[in-house]
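Coordinates in review
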Amino acid sequence: MRPHIIVNVAMSADGKLSTRERRQVKISGVQDFNRVDRLKSDSDAVMVGIGTVLADDPSLTVKADECRDIRRRRGLDEHPVRIVVDSTARIPPAASVLHKGEGKRIVAVSKAADEQKVAEIRKYATVIITGEDTVDLTALMDELGTLGIRRIMVEGGGALIGGLVTAGLVDEIYTFIGNIIIGGRDAPTLADGEGFLRESEFCRLRLLEERRIGNGILLHWAVYKSGK
Ligand code: NAP
């Protein structure tokens, strides 16, 4: 069974995830940070694109002690499985996501990835190979499903989310919209990549919840899917 995919991002009032230099910026506050930590803790896996690893070097660990305690009591690792989508195996061997905190790691690469780099990654993570030049996201999700991963939180960035949306793989989206404008046509947005051309192709959403958090707003969307 394919996993349920929940995207979570913080964006500026003008829809940017970071600056045009891909520099991480503080968009939300402590309250939203805690919500995201719980969402992560309630997931089997947390996924990012290699762009986010190279820009931010995140560990993707669960930060709150009580969330980690709950996971331990449920017989789980303290942190969800951490998954990086990285077609050409560019992930630095010293990346925080490969080392910080207990738990499994998966790096998804394509057949174009250099064998030596893949061998290096295998020291720290399970490697899944799909797609010719780029990771085949649908095949990846199928494989993650066979590994028992039922619920994945996707933290970004824009290119990976764009790929997942285009492939029709996203089920829910949380967007926290903060009270800043970052600007810049080259700054990442929620769904980068090629985008859709025709209205009939657009990804349609249903608003499940809107909630004011501090000086921003949290929107929770469900993605309409044909046949669901
Ligand atoms: P990204 O989405 O993290 O990673 C994109 C990369 O994933 C692609 O360049 C591609 O590189 C790889 N990839 C492999 N297969 C893919 C596929 N099928 N579809 C799409 N991508 C695929 O990178 P990004 O768009 O540059 O975003 C990074 C920025 O987002 C950073 O500035 C970070 O700070 C920001 N960010 C913000 C938030 C937030 O909530 N505000 C959250 C996360 C990240 P290869 O082909 O080389 O594999």
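Look above for the structure.
Thresholds, definitions, all that
Just so you know, the residues in each chain are numbered from 1, in the order the chain's sequence is written. Only residues with pLDDT of at least 70 get local features here, since the model is predicted, and only at 80 or more are side-chain atom pairs given and counted; chain-wide, interface and lining totals rely on the full set of residues. Each side-chain value is derived from all of the structure's non-hydrogen atoms; neither hydrogens nor water enter the calculation. Only DSSP runs of H or I covering at least 4 residues are called helices, and only runs of E covering at least 2 are called strands; the numbering of each starts at the N terminus. The classification of residues rests on relative accessible area computed with a 1.4 Å probe and restricted to protein chains. Under 20% of the type maximum is buried, over 50% is exposed, and intermediate values are partly exposed. By definition in these notes, contact holds between two residues if any of their heavy atoms fall within 4.5 Å. Here a residue counts as near a molecule or strand whenever at least one of its heavy atoms sits within 4 Å of it. For this analysis, a polar contact is any N or O atom pair within 3.5 Å, provided that within protein one partner can donate a hydrogen and the other can accept it, and provided that sequence-adjacent residues contribute only side-chain to side-chain pairs. What sets the accessible areas is the Shrake-Rupley method with a 1.4 Å probe; for residues, cover comes only from the shown protein chains. Polar here means any residue outside two lists: the nonpolar Ala, Val, Leu, Ile, Met, Phe, Trp, Tyr, Cys and Pro, and the charged Asp, Glu, Lys and Arg; Gly therefore counts as polar.

**Let's talk about the environment of alanine 125**
Among the secondary structure elements, alanine 125 is positioned in the loop between α4 (115-121) and β5 (126-129). In this structure alanine 125 comes out as buried when scored by relative accessible area, which is 9%. If we ignore the near neighbours within four places in the chain, the residues touching alanine 125 are Leu98, Arg105, Ile106 and Val107.

**Points about the site of the ligand**
Taken together, 27 residues form the shell around the ligand, and within it Ala10, Ser18, Thr52, Ser87 and Glu155 come nearest. Contact distances for the ligand include 3.1 Å between a nitrogen atom and a backbone N or O atom of leucine 17. Aspartate 56 places a side-chain nitrogen or oxygen 2.9 Å from an oxygen atom of the ligand. Within the complex, 83% of the 920 Å² of free accessible area of the ligand lies under protein. Looking at the shell around the ligand, the elements that each hand over two or more residues are β1 (4-11), α2 (50-56), β6 (151-156) and α6 (158-166). At five residues, the largest contribution of residues to the shell around the ligand is made by α2. A per-class count over the shell around the ligand returns 11 nonpolar, 11 polar and five charged.

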